[in-house]
Amino acid sequence: MHSLPASTAPIARSMTPSMTPSMTLSMRRSIAFGMTLGAALVSGCHAPPQAAPRTAPSPAVEQAMRPVGSVLDVHWLLPGTDTMVISRESDAAPVVYRRSSGDESRGRARVDIGMTIQRVRRVVEPDGRDAFEVAFEQRDSSSVIVETTTWVDAHSLRPLRQTALLEGGRVVTLAFGRSQLVVNDSAPERPLRISVSPVPDSAYTSAAVDLLLRHRAGGSVLVIGDFDADGATASALMVRALRSFGFAHVDFLVPNRFHFGYGLTPEIVALAATRKPTLLVTVDNGISSNAGVAAARALGMDVLITDHHLPGAQLPDANVIVNPNLGGSSFGSRALAGVGVAFYVMAALGRRLAEAGLAAALPSVAQLLDLVALGTIADVVPLDANNRVLVAQGLKRIRAGRCVAGIRALLDIAGRPLPDLTAADLAFGVAPRLNAAGRIDDMTIGIQCLLADDAATAQELAARLDELNQERRTIEAKMQQEALTAVRGLADPAPGGPHRNGVCLFDSGWHQGVVGLVASRVKERLRRPVIAFACADEATLRGSARSVAGIHIRDVLDGIAARHPDLISRFGGHAMAAGLTLERDKLDRFARAFDEEVTRWMAQAPPADVVETDGELLPAEIALDTAQALRAGGPWGQAFPEPSFDGVFSIRDARVIGDRHMKMWVEVPKSGRSFDAIAFNHLEAGADFEPPAGLQQLVYRLEVNEYQGERRLQLLVEHLLPLAR
């Protein structure tokens, strides 16, 4: 444990990138640097704090680890099975490293890509662990080359990391925790075949494909989206894929959050009915739309729900539901965003059409991975193994210019160049502009931008989205200042002062499209769950909740609903974010119930005032090469954080730029080495600036700062705390 004792920490000033008196620094993981940095980080590996005990490999393992020319079978099974099988042509039986305890007969959706195994060999990791390396190469009919190398711990048989060079938009998932790789060939003269099945239950997706195909020729499909970036990308992906697959009539409809609320409500069904669809397909919503689904079925419409939100006690009566979080689901990834679920449903549809000989000339749904990457990053879902692959391949398509015109236009207006694009560019450059449409106006304009095929139309729509984002920022700044002023006493309560473990905020003048951002900002300040409310109408409030690690906010709301059935009108969401509706006159009762429920959770939750880091760097390791290696190790994101570091620095030349950001030079004591650094949003609005002096404890990330074609190292300071004297 790498920590600062609470007793030595002085009171922190009221600044965003700071730590409260009880905050400690905790070592997140141990990472090798210096000469071993590339091996440890370029592929995105999070090495465990301690190496697994070394054991002498068995003779069978040694034999299998020698370079081979023809490998018949290599299997990685789903989590919990711990099975790896490598068979060689000369072996009478395969070498089994550990017996499977899983169900190998479950349905699998496979995408075949011709691969050739280059080598299988035993290696030693920089931390001393035994591992083996499997390298593949593919060259398809278009001369597209894919090179993929996977390292697997020989002791635990757990995947360590993967590197892949992929062109042509094809997805290859190898050696990640929720993925499955099968390489098989019975004749040495034929190339090996690789089958990837990281995804959904074949029964659910097969039923979804059956339903879709019934409406391909003579029906009319209406996609019902959501008003955030995940919903927008999922809508655009579904519309583009269905049209490319020859569906006769495809259109979309997204609810205006201010008139219809969230999901497939009876009101949005009535509006949809005016377009006379035969099939409604929800994306990123629908799992809690019981009344809306019933209304649609009563009007004679079929309903296909594709969603990723957690289901309630009763499922809607849709024809088919595809959701990785359904009970008993065997999806390879429960962390998929709404756009990820839509992607795999469309992939299953494409495979069915190809098997029927109907899609020989149709484009691959993999060409839409740019939309999947954007929606997945924007929705801040955990970057598990499967999501990292989707995002990584989507980023590669965008960097190569193989993206929809709308994404290119949004990147242009955000000033984010394509060649060095990272997940952070999508998160902070594109997603806020796309989300602004749903927050301020109507997400229809955002979906239209993603559906535009010509650059001029896309640029015009992107410019409008940028204007909406500027408006959103102005509204948000005012609301945040009001909210932070209201909770200032909760941040460092005086003895006998107010204390809340779960915080509810409401102002009758707040904009309901922006309360989620306010809740997020206050949550960061207080380090406890926050719900911000705005008026939906004279009698109803809509709230947006944000939580901290260890407190599942959707389950918190479920607990309140169980103990107080009359309080919440409706709710839904994830572990870290949720939304709800309640009657205005019940706000005080709800606020007390929320505080009580969060208090129950906090008794078992990890401490909120702990900032995890990857430890301290040597002065020589604080370098541009390190920053570039970390950038290459992405994509980073939720549940797969970009490495951050802590250390003691002397600060000089600190100044305010852009009203709220602090620019400075920081020096490692007695090293003679100083670095450019910046702390974004360091000052609260209206606060006086007091330049930090003396030695400071910094938590920071290494960033590549590009200006006028030159790359320089910059430290992005996330937390700043004066050292105790």
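What counts and how
- Residues numbered from 1 in each chain as written.
- Predicted model: local features only at pLDDT ≥ 70, side-chain atom pairs only at ≥ 80, totals over all residues.
- Heavy atoms only, no water.
- Pairing = 2+ DSSP bridges.
- Helix = DSSP H or I, 4+ residues; strand = E, 2+ residues; numbered from the N terminus.
- Axes fitted to C-alpha atoms, helices over the stretch in contact; angles between N-to-C directions.
- Contact = heavy atoms within 4.5 Å.
- Polar contact = N/O pair within 3.5 Å; in protein donor to acceptor, adjacent residues only side chain to side chain.
- Buried < 20%, exposed > 50% of the residue type's maximum accessible area, 1.4 Å probe, protein only.
- Parallel < 35°, antiparallel > 145°, perpendicular 65-115°, else oblique.
- Left-handed = near helix turned anticlockwise from the far one by under 90°.
- Nonpolar A, V, L, I, M, F, W, Y, C, P; charged D, E, K, R; others polar.
- Core = buried A, V, L, I, M, F, W, Y, C linked by side-chain atoms within 4.5 Å.
- Expected span 1.5 Å × (residues − 1).
- Bend = angle between axes of the 7 residues up to and from the residue.
- pLDDT = per-residue confidence, 0-100.
- Phe/Tyr/Trp six-rings, centres within 6.5 Å; stacked < 30°, edge-to-face > 60°.

Caption draft 1: Geometry of the sheet that holds strand S26 (residues 710-722). The five strands lie next to each other as S22-S23-S24-S26-S25, forming a closed barrel whose pairing is mixed. Each adjacent strand pair in this sheet contributes to an overall mean axis angle of 45 degrees, direction not counted. Bridge analysis of strand S22 (residues 645-657) against strand S23 (residues 661-667) gives six bridges, and the strand direction is antiparallel. Within S23, the position partnered with Arg655 by the bridge is Lys663.

Caption draft 2: Spotlight on unusual backbone geometry. Between Gly634 and the following residue, Pro635, the backbone shows a cis peptide bond with an omega angle of 5 degrees. With respect to the helices and strands, Pro635 occurs in the loop between helix H17 (624-632) and S22. Positive phi values are uncommon outside glycine, yet Val380 reaches one of about 55 degrees. Tracing the backbone shows Val380 in the loop between helix H8 (369-378) and helix H9 (385-399).

Caption draft 3: How the structure looks around the environment of Thr233. Here Thr233 lies in helix H4 (residues 229-244). The sequence separation of Thr233 and Ala378 amounts to 145 residues, and the corresponding C-alpha distance is 9.7 Å. Leave out the neighbours within four places in its chain, and Thr233 touches Val339, Leu371, Leu374, Gly375, Leu434 and Leu450. Looking at Thr233, its side chain comes within polar contact range of the main-chain oxygen of Ala229, at 2.9 Å.

Caption draft 4: Seen up close, the side chain of Thr282. In this structure, Thr282 sits in strand S13 (residues 279-283). Using a relative accessible area of 0% as the deciding quantity, one classes Thr282 as buried. If sequence neighbours within four positions are ignored, Thr282 has contacts with Ile224, Leu264, Leu304, Ile305 and Thr306.

Caption draft 5: The packing of H4 against helix H12 (residues 444-451), seen in detail. One way to put it is that H4 packs onto H12 with a least axis distance of 9 Å and a crossing angle of 45 degrees. Taken together, the axis directions place H4 and H12 in an arrangement best described as oblique. By crossing handedness, the relation of H4 to H12 is classed as right-handed. Residues Ala232, Thr233, Ser235, Ala236, Val239 and Arg240 of H4 pack against Ile447, Leu450 and Leu451 of H12. Looking at the contact of H4 with H12, its residues break down into six nonpolar, two polar and one charged.

Caption draft 6: Inspection of the environment of Asp453 at higher detail. Topologically, Asp453 is positioned in the loop between H12 and helix H13 (455-491). Taking the C-alpha atoms as reference points, Asp453 and Val404, 49 residues apart in sequence, are found 6.9 Å from one another. Setting aside chain neighbours within four positions, we find Asp453 in contact with Arg240 and Ala405. Among the polar contacts made by the side chain of Asp453, one reaches the side chain of Arg240 at a distance of 3.0 Å.

Caption draft 7: Molecular detail of the nonpolar core. Judged by nonpolar contacts, the single largest core of 104 residues is most densely connected at Leu212, Met346 and Leu426. Once you skip the residues sitting within four places of it in the chain, Leu426 turns out to touch Ala373, Leu374, Ile377, Leu395, Ile398, Leu411, Leu421, Ala431 and Pro432.

Caption draft 8: Region of interest: helix H11 (residues 423-440). For H11, which comprises 18 residues, the first-to-last C-alpha distance of 25 Å matches the rise-based estimate of 26 Å (1.5 Å per residue) to within 8%. The largest bend along H11 measures about 40 degrees and falls at Ala431, with the proline Pro432 one to four residues further on. The buried fraction of H11 is high, at 14 of 18 residues.

Caption draft 9: Region of the structure containing the confidence of the model for the protein. Looking at the protein, pLDDT values average 76 and 69% of them are 70 or higher. A low-confidence stretch, residues 139-145 (pLDDT under 50), is modelled with 10 contacts involving residues beyond four sequence positions or located in other chains. With pLDDT under 50 throughout, residues 166-201 is counted as low confidence; its partners more than four residues away or in other chains account for 132 contacts.

Caption draft 10: Layout of the packing of aromatic side chains. Per the counting criterion, the structure on display carries six aromatic pairs. Ring centres 5.8 Å apart and planes at 85 degrees place the aromatic pair Phe533 and Phe590 in the edge-to-face group. Highlighted residues: Phe533 in strand S17 (residues 530-535) and Phe590 in helix H16 (residues 587-602), separated in sequence by 57 residues. The buried category is assigned to Phe533, whose relative accessible area is 0%. Aromatic side chains Phe645 and Tyr700 sit 6.1 Å apart centroid to centroid with 45 degrees between the ring planes, which places their arrangement in the tilted category. Within this pair, whereas Phe645 is found in strand S22, its partner Tyr700 is found in strand S25 (residues 695-707), the two being separated by 55 residues in sequence. A relative accessible area of 1% places Tyr700 in the buried class.

Caption draft 11: Inspection of the sheet that holds strand S20 (residues 577-583) at higher detail. The strand order across the open sheet formed by five strands is S16-S17-S18-S20-S19, and the pairing between neighbours is mixed. Among the strands making up the open sheet, the edge pair consists of strand S16 (503-506) and strand S19 (568-573). On average, adjacent strands in this sheet sit at an angle of 20 degrees to one another, irrespective of strand direction. Where S19 meets S20, five bridges bridge the pair, whose relative direction is antiparallel. Paired with Ile568 across the two strands is Leu582, which belongs to S20.

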